[in-house]
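Chain and residue survey
Next come the chains, spelled out residue by residue.
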Amino acid sequence: MTKYWRKKTVLVKLETAYGVDPTPTGAANAVLTTDFKIMPMEGNDVSRNLEQPYLGAQGTLPVELHTKVTFNVELEPSGTAGTAPAWGPLLRACAVAETVTALTSVTYNPVSDNHESVTLWFGLDGTKFVSTGMRGDCSLDFTAQGIPYLRFTFTGLFTQPSEATVPTPILTAYQKPQVVTDTNTTFSLGGASLVLRKLILALGNDVQPSFLIGEELIDITDKAEAVDFTVKAVPLTTYDPYAA
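Definitions and cut-offs
- Residues numbered from 1 in each chain as written.
- Predicted model: local features only at pLDDT ≥ 70, side-chain atom pairs only at ≥ 80, totals over all residues.
- Heavy atoms only, no water.
- 1 Å grid on protein atoms, 1.4 Å probe; cavity = no way out; pocket = protein on both sides within 12 Å on 5 of 7 lines; lining within 4 Å.
- Points joined across faces, edges and corners; volume = space filled by probe spheres on them.
- Nonpolar A, V, L, I, M, F, W, Y, C, P; charged D, E, K, R; others polar.
- Helix = DSSP H or I, 4+ residues; strand = E, 2+ residues; numbered from the N terminus.

1. Topic: empty space enclosed by the protein
Overall, the coordinates contain one cavity of 30 Å³ or more when judged by the stated rule. By volume, the largest cavity amounts to about 40 Å³. What lines the largest cavity is simply Glu74, Glu76, Pro77, Pro85, Ala86, Trp87, Ala173, Tyr174 and Gln175. Classifying every residue of the lining of the largest cavity gives six nonpolar, one polar and two charged.

2. A few points about the layout of surface pockets
As a volume, the largest pocket reaches approximately 300 Å³. Together, 15 residues line the largest pocket, and Ala144, Asp182, Val195, Leu196 and Arg197 are the ones closest to its centre. Elements represented by at least two residues in the lining of the largest pocket include exactly strand 12 (196-202) and strand 15 (226-231). Of the residues contributing to the lining of the largest pocket, the split by class is seven nonpolar, five polar and three charged.

Rendered as structure tokens:
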């Protein structure tokens, strides 16, 4: 039976206990993604290094098995003040805290401790992939005349795939995005308004698998936020980057 890559379902749910599958549902935990890629079984091979009476390759044993996924999500709020966007759990699993002020706002800020994690279910035309304990990294991409994106890379613990149905996704919580244009976007630096072509804000999380006796987890061990942007050149009297 042929499997069709275009028939994909992605569900993600925050874990209450690390590495324990919280059972995502299609109604509450579906993710609207673009450019989804999965590396379902990453890791290393340990050679047995057997003494052999003949020439040939050594047998190996797989270790440190984990799953990696990358995908984009359109950066658009929920549409209701004080209501978290549907992509909120993804950002929270990238060492970011979510603060909800009812009827007013939802804000996000990087945190150094108590990092949250998610479980991901990925359905590929009848094949179900599950990865628990996922944590990741994210960058925000604003390119003129393009859709603004959250670009995610996640690493999680490996689970043997199976032939099983993933619940039908309901994606109505995702709003239609606004394009990055002069009408929708402003940019200033040091008090100077500049003409922006592209801006990328990266969380810079250092995501490391850790496989020890008594503990297997995906950890965020460090971070180094960075911003990269391209603007039209202006006179130094307008903005002087060298002095800055």
